[in-house]
Amino acid sequence: MTSQEIRQKFLDYFKSKNHLIVPSAPIVLKDDPTLMFSNSGMTQFKDYFLGYKEPKAPRIADTQKCLRVSGKHNDLDDVGRDTYHHTMFEMLGNWSFGDYFKKDAIAFAWELLTEVYGIPKENLYVTIFEGDASENLERDQAAYDYWKEVISEDRIINGNKKDNFWEMGASGPCGPCSEIHVDLRSEEEKAKISGLELVNNDHPQVVEVWNLVFMEFNRKADGSLEKLPAQHVDTGMGFERLCMALQGKSSNYDTDVFTPLIAKVEELSGKKYTGILEDEKDIAIRVVVDHIRAVSFAIADGQLPSNGGAGYVIRRILRRGISYSYRFLDMKEPFLYKLVAVLQEQMGKFFPELEKQGTLVTEVIKSEEESFLRTIETGLIRVDKLIQQTVENNLKVLPSEEVFELYDTYGFPDDLTRIIAEEKGLTIDEKGFEAELAKQKQRSKADSAQKVYDWVVLEDKESNFVGYDQIEAETHITKYRKVENKDGEFYQVVLSNSPFYPEGGGQIGDKGVLENATESFEVLETKKENGLIISLINGLPKDASALFYAKVNATDRKNSQANHSVTHLLHEALRDVLGTHVEQKGSFVGPDYLRFDFSHFNKMTEEELALIEEKVNAKIKESIALQEFRNIPIQEALDRGAMALFGEKYGDNVRMIQFGSSKELCGGTHVKNTREIGHFKINSESSAAAGIRRIEAISGDKSEEYFKGLEKQITELSQLLKSKDVVRSIEKLIEENTSLKAEVEAFKKEKAKGEIDDWKGAYEQKGDKLLLVKRTSLDAGSVKDIVFQLKKEIPTSITVILSDADGKPMITVGVSDDLAGIYQAGALIKELAKEIQGGGGGNPGFATAGGKNLDGLENAYQKALNI
């Protein structure tokens with residue numbers, strides 16, 4: 001049974017049990033402040049469990065892309081080292097929202113595994129929650145009773161809270177669970193020791209394949225448990241492990257989920273995969289084929305590698321793969337990007353985003369590979385220098401601070417530093433390195449540390465967002481909670497009527513005030529969490545149940561929505577000018593400026609940028625009225641021509657924003673008419689990543705300020721130049737400057753000629769060689785010309801010139817061609833540069849170095865004479 005057939009059978013089975021089959025949510029989470037990535041199948045349904053949203057159907061099934069690389073659920077370090085841990089994996093799941101519970105969930109799982117998939121019953125074991133006295137939680141007797149109807153009681157195992165009470169995080173939905181384990185060992189091995197003894201003991205062939213979670217509780221911030229409004233079922237079956245069981249393999253990597261990728265790596269690297277756990281080559285291949293899946297799906301869902309947040313995690317995964325292939329597969333050129341086509345072939349049918357975004361994914365990965373391989377090459381030079389200094393100081397251990405700096409600042413893999421050090425008979429200060437790493441983690445933790453208390457509920461009612469229609473509203477606080485972080489103590493509030501737009505869709509959240517006759521509080525930010533609009537205020541009202549007046553900062557809102565509306569016009573103009581391959585890949589919309597990232601593989605020309613500005617401003621001048629379709633079925637919006645962005649999660653009903661021919665699905669705030677935008681001005685166009693261009697621009701008040709600033713500059717220049725024709729005056733100045741530069745260069749050359757004649761007679765005989773060591777104040781260009789001329793005219797000579805031009809130390813070394821086999825200019829410059837605290841390089845015949853220590857030139861002078 002192929003992996004495609006296994007996946008399809010799962011979906012078909014639950015469809016036959018009246019489950020709605022839904023697509024996977026994006027692997028990257030954009031509107032959940034508690035998570036960067038979907039780390040389990042239930043993530044997209046969290047609001048259903050908490051009762052914040054109504055589910056699409058009482059029964060749902062899907063296959064969800066998951067990523068576990070940070071926080072509590074982190075499998076990164078295990079990947080490649082065993083047969084079954086992965087960063088990105090698929091979670092097959094069936095869900096019940098207040099419909100069926102333990103009995104049916106257990107019956108469905110047993111029927112599917114034993115009758116549909118045909119797994120022998122004697123190979124299966126199940127666990128149930130044994131209870132926990134500290135939480136006043138009883139043994140899950142109901143699950144036990146249902147299980148013993150289908151499996152012998154000696155195969156039902158009691159499990160503790162760690163293994164059999166599932167929690168998504170420190171707070172949130174949770175409940176007892178029942179795991180199903182499969183024993184994949186040979187009959188011979190089974191006869192030696194029962195699978196019963198190996199369940200949950202990290203045996204590679206006795207593995208958990210499915211977890212049935214019975215959601216009954218909500219874990220509050222104070223650690224207490226409260227009953228959920230309804231009982232739910234949340235199941236998750238590891239697709240890769242299921243394939244291993246059904247295909248009779250002993251490793252996930254031996255299934256057809258991975259074998260096509262492994263075959264491609266073998267072809268590209270010339271290395272043969274043997275499946276040996278301890279073999280570094282095989283570990284590297286497993287790491288590569290796992291990581292390419294995680295990175296490809298993340299990029300396809302809209303998360304580009306970067307230096308912060310989720311983007312940093314993706315970059316780290318990719319660099320881990322590159323590092324392993326560089327060290328153990330001897331791959332010194334980019335090659336991971338070539339695996340994307342194989343992945344598309346395998347998974348494109350079920351995950352169409354891989355097909356749609358294939359070119360982008362490939363180009364981004366290739367660019368990241370090129371960049372990191374350059375980092376490795378540069379790092380190797382730094383490591384060599386560090387090793388040389390360590391040896392010169394008669395030490396055997398590389399200092400932890402420098403090794404950590406290589407890792408943290410320059411991105412050079414610490415394990416690669418270890419390998420190089422060991423080859424030279426050295427080690428690194430492991431304890432010191434770990435201490436540096438711990439300090440960095442502590443700093444990061446301290447920067448992001450935040451204690452969030454439980455909600456205090458004043459009114460049990462939904463929050464109503466009124467911000468599309470008004471920026472001021474009478475309101476009540478329906479709930480609040482305290483928040484403590486490094487900046488102090490604050491309060492998050494949910495309002496009955498909120499005019500504050502919550503951060504989303506690239507647009508920053510509104511700020512403003514919350515006030516009444518006796519008190520006023522600053523609204524510092526507004527975000528959305530679990531469907532709730534949450535505003536952060538700088539204190540707690542004396543009477544939180546009083547009537548308040550909420551006011552949005554009107555100026556910021558006006559400018560933010562002008563910038564948001566103009567991104568829609570910009571998107572359309574880019575597609576008109578550059579082509580329909582252009583798609584939005586990210587944005588930032590604030591009151592001061594806008595940033596718009598889009599797919600395009602070439603730098604835009606000045607003509608293209610001018611045409612884009614012209615088209616957008618033409619739309620603004622047309623005074624196009626906003627057409628807002630606030631709550632329409634998504635298919636209707638798409639049929640009307642609305643653009644939907646890849647990587648975004650849309651509901652069944654959506655909001656469509658239309659300005660003439662521009663139609664997009666969008667939840668942000670917008671101008672009522674394009675004339676409110678005023679004017680659009682592009683400030684810059686640059687590369688955001690491989691295949692992604694970035695435009696930064698202004699509109700509204702900021703564009704007006706920009707042109708007023710230009711007008712002021714021109715007036716000041718006119719006064720300074722004493723001319724109204726500023727352009728002609730500057731052209732005249734440039735002409736005069738060019739003429740003066742030519743005169744200076746002529747003077748320098750004349751002076752250099754005099755120096756050459758003096759220096760020719762200053763060479764000292766050193767055995768059968770000639771040496772010139774000379775101090776000068778000539779500039780670097782003149783010194784270079786002279787040294788090249790001298791090394792040609794004076795045979796068997798070495799020339800060392802030490803310059804202090806402009807107060808900066810510079811050393812230049814020339815070696816005549818007939819001495820090139822005996823002396824190397826690069827080696828000489830390396831020694832001399834130490835005296836001026838600098839560095840440099842060159843070729844055997846010519847080398848230069850700059851430095852920081854001007855006084856060191858005298859020591860360099862003496863050292864040159866001695867050498």
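Residues numbered from 1 in each chain as written. Predicted model: local features only at pLDDT ≥ 70, side-chain atom pairs only at ≥ 80, totals over all residues. Heavy atoms only, no water.

Draft legend 1. Examining the sheet that holds strand S28 (residues 681–689) more closely. Overall, antiparallel pairing links the 4 strands, which are arranged S23-S24-S29-S28 in an open sheet. The sheet terminates laterally at strand S23 (584–589) and S28, the two strands that pair on one side only. Averaged over all pairs of adjacent strands, the angle between their axes in this sheet comes to 15 degrees, without regard to strand direction. Sheet analysis places S28 next to strand S29 (residues 692–698), joined by 7 bridges and oriented antiparallel. (Pairing = 2+ DSSP bridges. Helix = DSSP H or I, 4+ residues; strand = E, 2+ residues; numbered from the N terminus. Axes fitted to C-alpha atoms, helices over the stretch in contact; angles between N-to-C directions.)

Draft legend 2. Just the environment of Gln247, in detail. In this structure, Gln247 sits in the loop between helix H7 (239–246) and helix H8 (259–269). The sequence separation of Gln247 and Ser3 amounts to 244 residues, and the corresponding C-alpha distance is 8.7 Å. Setting aside its immediate chain neighbours within four residues, Gln247 contacts Met1, Thr2, Ser3, Ile6, Thr255 and Asp256. Within polar-contact distance, the side chain of Gln247 engages the backbone oxygen of Met1 at 3.1 Å. (Contact = heavy atoms within 4.5 Å. Polar contact = N/O pair within 3.5 Å; in protein donor to acceptor, adjacent residues only side chain to side chain.)

Draft legend 3. Representation of the packing of aromatic side chains within the structure. A complete count under the given rule lists 28 aromatic pairs for this structure. Consider the rings of Tyr13 and Phe108, whose centres lie 6.5 Å apart with planes at 80 degrees: the pair is edge-to-face. Of this pair, Tyr13 sits in helix H1 (residues 3–16) while Phe108 sits in helix H3 (residues 102–116), and the two are 95 residues apart along the sequence. Judged on exposure class, the residue Tyr13 and its partner Phe108 are both buried. One aromatic cluster in this structure is built from Phe10, Tyr13, Phe14, Tyr100, Phe108 and Trp210. Lying over the aromatic face of Tyr324, Arg327 brings its terminal NZ or CZ to 5.0 Å of the ring centre. One Lys or Arg, Arg655, reaches over the ring of Tyr468 and ends 3.7 Å from the middle of that ring. (Phe/Tyr/Trp six-rings, centres within 6.5 Å; stacked < 30°, edge-to-face > 60°. Buried < 20%, exposed > 50% of the residue type's maximum accessible area, 1.4 Å probe, protein only. Lys NZ or Arg CZ within 6 Å of the ring centre and 35° of its normal.)

Draft legend 4. Spatial organisation of helix H20 (residues 700–721). The end-to-end C-alpha distance of H20, which contains 22 residues, comes to 32 Å, matching closely the 32 Å that a straight helix rising 1.5 Å per residue would cover. Residues of H20 that are buried: Gly700, Ser703 and Ser718. Along the axis of H20, the buried positions cluster into a sector of 75 degrees, meaning they face one direction only. Opposite its buried face, H20 presents the exposed residues Lys708, Lys712, Gln719 and Leu720, each directed more than 90 degrees away. One or two residues past the end of H20 sits Lys722, with phi positive at roughly 55 degrees. (Expected span 1.5 Å × (residues − 1). Arc of directions from axis to C-beta.)

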